Amino acid sequence: MAYIELNNIQKSFADGSGGMRKVLDGLNLKVEQGDFVAVTGVSGTGKTTLLNILGTLLQPDGGSYLLDGECIPYEDEQRLLQLRNQRIGFMFQDYRLLPQLTAWQNILLPTLAVRENPTAEDTAWSEELTQKMNIDSVRQQLPETLSGGEKSRVALCRALIMRPKLLLADEPTGQLDSQHADEVAQLLKDVNRELGTTIVVVTHSEKLARYAHRIYELKNGSIMHSEL
């Protein structure tokens, strides 16, 4: 059984004129545990919608989603929050770092969703992550003082702090110059190889996509083809 199984996923949104616009239409996708997958496609094809469904932030209108053999419990909000926090890491294009918190505090923030204070293990893991991402020297700085590349590394550390089995990344290199984009792409590849984290990234960048094991194209609401 695949780690991720999407079967006949449907998703529509109001089009602003009283009708509905179908974004995903019968989408099927399987991702094996430990895989690194890139989903490409032009703007408006539903890449972010797909990622939000994978992250349980959106419920599909139809079809089924199994994660590690478990049907997503949309009806149980508490279980859904637990699943999202403990098994799925998110890396957003705009980083979403809290400006009043230091880089290190931002990294540890997800731990506070399940315990009152970070544990010694949390702190040790965050230190290991910041060293691995080469941002140990800036971890006490506020986000406004960080470069785009440093912000992306902080966001990646935060996404990994709960040791998720699945990492979802939305255009993680979209705001970076070529050098920093290559560095983040390599970090994602290293995380996949060294930690065994399953990664799904959506991107316009063909260069980033080539770092993945498998590339899928999203077109007309469905996965049209893949290549190794």
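Residues numbered from 1 in each chain as written. Predicted model: local features only at pLDDT ≥ 70, side-chain atom pairs only at ≥ 80, totals over all residues. Heavy atoms only, no water.

**Quick look at the sheet that holds strand 5 (residues 70-71)**
- Strand order in the open sheet made by the 4 strands is 2-1-4-5, with antiparallel pairing throughout. For this open sheet the edge positions go to strand 2 (20-31) and strand 5, each flanked by a neighbour on one side alone.
- Here helix 1 (residues 47-54) sits on the sheet in contact with strand 1 (4-14), strand 2 and strand 4 (62-67), set at roughly 125° to strand 1. (Pairing = 2+ DSSP bridges. Helix = DSSP H or I, 4+ residues; strand = E, 2+ residues; numbered from the N terminus. Contact = heavy atoms within 4.5 Å. Axes fitted to C-alpha atoms, helices over the stretch in contact; angles between N-to-C directions.)

**Section: the packing of helix 5 (residues 148-160) against helix 6 (residues 178-195)**
- Remark: helix 5 packs on helix 6, axes separated minimally by 10 Å, with the N-to-C direction vectors making an angle of 20°. With respect to each other, helix 5 and helix 6 are oriented roughly parallel. The handedness of the crossing between helix 5 and helix 6 comes out as right-handed. For the pair helix 5 and helix 6, contact is made by Gly 149, Ser 152, Arg 153, Leu 156 and Leu 160 and by His 180, Glu 183, Val 184, Leu 187, Leu 188, Val 191 and Leu 195, respectively.
- Classifying every residue of the contact of helix 5 with helix 6 gives 7 nonpolar, 3 polar and 2 charged. (Parallel < 35°, antiparallel > 145°, perpendicular 65-115°, else oblique. Left-handed = near helix turned anticlockwise from the far one by under 90°. Nonpolar A, V, L, I, M, F, W, Y, C, P; charged D, E, K, R; others polar.)

**Quick word on the packing of aromatic side chains**
- Inspection of the entire model under this criterion finds 1 aromatic pair.
- With a centroid separation of 5.8 Å and an interplanar angle of 5°, the aromatic rings of Phe 90 and Phe 92 are classed as stacked. The burial state of Phe 90 is the same as that of Phe 92; both residues are buried.
- The cationic tip of Arg 163 hangs over the ring face of Trp 125; the distance from NZ or CZ to the ring centre is 4.0 Å. (Phe/Tyr/Trp six-rings, centres within 6.5 Å; stacked < 30°, edge-to-face > 60°. Buried < 20%, exposed > 50% of the residue type's maximum accessible area, 1.4 Å probe, protein only. Lys NZ or Arg CZ within 6 Å of the ring centre and 35° of its normal.)

**What to know about the pairing of strand 3 (residues 36-40)**
- For strand 3, the tally of buried residues reaches 5 of 5 residues, placing the bulk of the element in the interior.
- The side-chain alternation of strand 3 yields two buried faces, one formed by Phe 36, Ala 38 and Thr 40 and the other by Val 37 and Val 39.
- Across 4 bridges, strand 3 lies against strand 8 (residues 198-202) in parallel orientation. Pairing of Val 39 across the sheet is with Val 202, part of strand 8.
- Bridge analysis of strand 3 against strand 9 (residues 214-219) gives 4 bridges, and the strand direction is parallel. Paired with Ala 38 across the strands is Ile 215, a residue of strand 9.

**Examining the side chain of Arg 153**
- For Arg 153, the location among the structural elements is in helix 5.
- For Arg 153, a relative accessible area of 12% gives the class buried.
- Among all residues touching Arg 153, those that are not within four sequence positions of it are Met 133, Asn 134, Ile 135, Glu 183 and Leu 187.

**Some thoughts on the nonpolar core**
- If you look at the biggest cluster of nonpolar residues, it comprises 39 residues, and the most contacted ones within it are Met 133 and Leu 156.
- At the level of elements, strand 3, helix 3 (103-108), helix 4 (120-132), helix 5, strand 7 (166-170), helix 6, strand 8 and helix 7 (206-209) are the ones that each hand at least two residues to this core.
- What Leu 156 contacts, discounting residues up to four positions off in sequence, is Met 91, Met 133, Leu 167, Leu 187 and Leu 188. (Core = buried A, V, L, I, M, F, W, Y, C linked by side-chain atoms within 4.5 Å.)

**Section: the pattern of salt bridges**
- Under the counting rule described, the total for this entry stands at 16 salt bridges.
- Close ionic contact of Lys 11 with Asp 61 constitutes a salt bridge, the shortest N to O distance being 3.5 Å. Residue Lys 11 is located in strand 1, and its partner Asp 61 is located in the loop between helix 1 and strand 4; the two are separated by 50 residues in the primary sequence.
- Notably, a salt bridge pairs Asp 182 with Lys 207, separated by 3.1 Å at the nearest N-O pair. Here Asp 182, found in helix 6, pairs with Lys 207, found in helix 7; they are 25 residues apart in sequence, far enough to count as distant.
- Counted as one network, the salt bridges with shared partners bring together Asp 68, Glu 70, Arg 79, Arg 87 and Lys 165. (Salt bridge = Lys/Arg side-chain N within 4 Å of Asp/Glu carboxyl O.)

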